[in-house]
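# Observations on the three-dimensional arrangement
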Amino acid sequence: MRFQDKVVIVTGAGSGIGEATALQFGQEGARVVCMDVRGAEETSEKINKSGGKAVAHIADVSKWPDWERVVEHTINSWGRVDALVAVAGVVSRHIDTVIDQNEAEWDRVININLKGVWFGMKAVLPHMIKNGGGKIVNISSLAAIVGLPGLAAYTSSKGGVSALTRQAAMEYAKDDVQINAIEPGIIETPILEGITPEMRRANVEATPVGRLGDPNEIAYTALFLCSDQADFITGQSFVVDGGWSAH
Ligand SMILES: NC(=O)c1ccc[n+]([C@@H]2O[C@H](COP(=O)([O-])OP(=O)(O)OC[C@H]3O[C@@H](n4cnc5c(N)ncnc54)[C@H](O)[C@@H]3O)[C@@H](O)[C@H]2O)c1
């Protein structure tokens, strides 16, 4: 029960890594604000049914008024925000090479993956500072540190997330807010639905441990970084990729 009565906002909580993170926080006693464009109610219901405390918001991380609404509601109901885990993210719906990506999809991916992370920090930081501190974990990607052909907008957005995480950590270190990123390798979630069996096999082969990751394996790292045990860690990006980037 590392997070007894701590107030935690998790974006992308309706599926995959965000859902696993919200559920783990619920099991460890946190009051969990589940934020997603879909599926947030289902995750919040699972937490409440198993004895935890959660609330759901259908909200778009790339829209500032949605952040204002969620954070205002959280402060009014629970008085503070102790941690934010920004998980929501998308890949391009179209061919995403530098030549062929279209502008509308570029803007959509950057707005959700990168602007959404900036908005999240902008929305919660004033409350954390007022409260004497907090933790933020932004979910970046292995794509921030290696080129992945066909993911031009995505890799750009994730490079931005890791850079903005370092930047924000430097700006608010003195306020006792620790801000870190996680760069996951290939994790078994619905985001992989579009990939062919050949691409899937290639991803397993590129992962030295010989399997894809489980969403819980990213959630464990996120919870550690939000815990008191991580008070001396800030401005870092943690690669959790089954060894992909080690060779
Ligand atoms: N699965 C992987 O292999 C992998 C690898 C590296 C990084 N990531 C990152 O992890 C994060 C979670 O991805 P996942 O694999 O769990 O995928 P997922 O598709 O299961 O979950 C993503 C969630 O984000 C939500 N979302 C999308 N747009 C949103 C918006 N505008 N506002 C609020 N919520 C929105 C979706 O509804 C969904 O519930 C993403 O940022 C992704 O880029 C995933």
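This report concerns the structure included in the present document. Please read these numbers as outputs of a predicted model, since none were measured by experiment.

### Topic: the packing of aromatic side chains
- This structure, assessed with the given rule, holds 3 aromatic pairs.
- For the pair Phe3 and Phe25, a centre-to-centre distance of 4.9 Å together with 75° between the ring planes defines the contact as edge-to-face. In this pair, Phe3 is assigned in the segment before strand S1 (7–11) and Phe25 in helix H1 (residues 16–27), connecting sequence segments 22 residues apart.
- Overall, the relative accessible area of 2% leaves Phe3 in the buried class.
- Among the aromatic residues, those joined into a cluster by ring pairs are Trp64, Trp118 and Phe119.
- Directly above the aromatic system of Trp64 lies the positively charged group of Lys122, at a separation of 5.4 Å from the ring centroid.

### Details of the sheet that holds S1
- As summarised here, the arrangement of the 7 strands in space is S3-S2-S1-S4-S5-S6-S7, forming an open sheet in which the pairing is parallel. This sheet does not close on itself; its edge strands, each paired only once, are strand S3 (53–58) and strand S7 (237–240). Sheet twist, expressed as the average angle between the axes of neighbouring strands with direction ignored, equals 15°.
- Across 6 bridges, the pairing between strand S5 (residues 134–139) and strand S6 (residues 177–184) is parallel.

### A short note on helix H3 (residues 64–78)
- In this model H3 runs 21 Å from its N-terminal to its C-terminal C-alpha over 15 residues, within 8% of the 21 Å that 1.5 Å per residue would give.
- Burial in H3 covers these residues: Asp66, Trp67, Val70, Val71, Thr74 and Trp78. One side of H3 carries all its buried residues, which in axial view fall inside an arc of 120°. In H3, the exposed positions that point more than 90 degrees away from the buried face belong to Pro65, Glu72 and Asn76.
- Buried positions along H3 lie against S1, strand S2 (31–36), S3, strand S4 (83–86) and helix H4 (103–131).
- Remark: Gly79 follows H3 within two positions and exhibits a positive phi of approximately 85°.

### As for the side chain of Asn180
- Inspection of the secondary structure puts Asn180 in strand S6.
- On the accessibility criterion, Asn180 (0% relative accessible area) is buried.
- Looking at Asn180, its side chain comes within polar contact range of the main-chain nitrogen of Gly235, at 3.2 Å.
- Those residues in contact with Asn180 that lie beyond four places of it in its chain are Ile136, Val137, Asn138, Thr165, Leu225, Ile233, Thr234, Gly235, Gln236 and Phe238.

The rules behind these values
- Residues numbered from 1 in each chain as written.
- Predicted model: local features only at pLDDT ≥ 70, side-chain atom pairs only at ≥ 80, totals over all residues.
- Heavy atoms only, no water.
- Phe/Tyr/Trp six-rings, centres within 6.5 Å; stacked < 30°, edge-to-face > 60°.
- Helix = DSSP H or I, 4+ residues; strand = E, 2+ residues; numbered from the N terminus.
- Buried < 20%, exposed > 50% of the residue type's maximum accessible area, 1.4 Å probe, protein only.
- Lys NZ or Arg CZ within 6 Å of the ring centre and 35° of its normal.
- Pairing = 2+ DSSP bridges.
- Axes fitted to C-alpha atoms, helices over the stretch in contact; angles between N-to-C directions.
- Expected span 1.5 Å × (residues − 1).
- Arc of directions from axis to C-beta.
- Contact = heavy atoms within 4.5 Å.
- Polar contact = N/O pair within 3.5 Å; in protein donor to acceptor, adjacent residues only side chain to side chain.

Read these as spatial facts, not as claims about activity.
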